[in-house]
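Examining the three-dimensional arrangement
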Amino acid sequence: SIDQEEMYEALVAAGLDITEEGVLTLFAMIDEDGNGDIDREEWKETVEFYLELKEEQEEMHKQQSGHAEFMENLRVQKLAELGKAKRRNTMATVNVGGNYGQIDESASDTGLGQ
């Protein structure tokens, strides 16, 4: 087992910038039975919880990345479809001899429609 002072010294020696108050808070979270020591089982449960949490965060990140990629591909597809539709159905309003008419660029060589 390890007590609060040992944990503080170990964390500082490992290069963590942590206060004694921070160790007290951390220690209280891990020391489930409140006896002032963290035993092997309490430490094991804490590490397992951390690893599960990390795994869930990684999975969530993968799902978010996958969703963003899906949405980008969908956007590109829709823009491509929109571009094709516009090219097929391009209609422009022009002034022909004082009357407004439509030019269907795909209708004939002259481009004049109905």
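Structure: see above.
Residues numbered from 1 in each chain as written. Predicted model: local features only at pLDDT ≥ 70, side-chain atom pairs only at ≥ 80, totals over all residues. Heavy atoms only, no water.

Concerning the overall build of the protein chain
In terms of regular secondary structure, the protein chain is built from three helices and four strands. Relative to its full complement of 114 residues, the protein chain shows a buried share of 9%. For the protein chain, the accessible surface area stands at approximately 9,500 Å², while carbon and sulfur atoms represent 53% of it. (Helix = DSSP H or I, 4+ residues; strand = E, 2+ residues; numbered from the N terminus. Buried < 20%, exposed > 50% of the residue type's maximum accessible area, 1.4 Å probe, protein only. Areas by Shrake-Rupley, 256 points an atom, 1.4 Å probe, with all protein chains shown as cover.)

Some remarks on the pattern of salt bridges
According to the stated counting rule, one finds two salt bridges in the structure shown. One salt bridge in this structure joins E72 and R75, with 2.8 Å as the shortest N-O distance. With E72 and R75 both in helix α3 (residues 40-88) and three residues apart, this pair spans about one turn of that helix. Judged by its relative accessible area of 37%, E72 is partly exposed. Residue class for R75 comes out partly exposed when judged on its relative accessible area of 43%. (Salt bridge = Lys/Arg side-chain N within 4 Å of Asp/Glu carboxyl O.)

A closer look at helix α2 (residues 20-30)
Every buried residue of α2 is accounted for by V23, F27 and I30. Buried residues along α2 cover an arc of 65° about the axis, so they all sit on one side. Exposed and facing more than 90 degrees away from the buried side of α2 are E21, A28 and M29. (Arc of directions from axis to C-beta.)

So, helix α1 (residues 4-13)
One turn of an α-helix holds 3.6 residues; hence residues three or four places apart share an orientation. The opening residue of α1, the one whose side-chain oxygen lies 3.2 Å from the backbone nitrogen of E5, is D3. Directly after α1, the chain includes G15, whose backbone phi takes a positive value near 95°. (Polar contact = N/O pair within 3.5 Å; in protein donor to acceptor, adjacent residues only side chain to side chain.)

Regarding the environment of L26
Looking at the element boundaries, L26 is found in helix α2. A C-alpha to C-alpha distance of 9.6 Å links L26 and M7, two positions 19 residues apart in sequence. When sequence neighbours within four positions are dropped, the list of residues in contact with L26 reads M7 and L11. (Contact = heavy atoms within 4.5 Å.)

Observations regarding the nonpolar core
In summary, soluble globular proteins display a tendency toward joint burial of nonpolar side chains. M7, L11, V23, F27, I30 and I38 form the largest nonpolar core, which has six residues in total. Listing elements by their share of this core, those giving two or more residues are α1 and α2. Considering every element that reaches this core, the biggest residue donor is α2, with three residues. Among all residues touching I38, those that are not within four sequence positions of it are S1, I2, M7, F27, I30, D31 and W43. (Core = buried A, V, L, I, M, F, W, Y, C linked by side-chain atoms within 4.5 Å.)

Details of a negative patch on the surface
Among the surface-exposed residues, E32, D33, E41, E45, E48, E52, E55, E56, E58 and E59 lie close enough to one another that they form a single negatively charged patch. With respect to the helices and strands, the residue D33 is situated in the loop between α2 and β2 (37-38). (Patch = residues over 30% accessible without salt bridge, like charges linked within 9 Å, V, L, I, M, F, W, Y side chains within 5 Å. Lys, Arg positive; Asp, Glu negative; His and termini not counted. Charge placed at Lys NZ, Arg CZ, Asp CG, Glu CD.)

Describing the side chain of D31
By secondary structure assignment, the location of D31 is in the loop between α2 and β2. The side chain of D31 is buried and forms no salt bridge, while R40, the nearest opposite charge, is found at 15 Å. A distance of 2.8 Å separates the side chain of D31 from the backbone nitrogen of G36, its partner in a polar contact.

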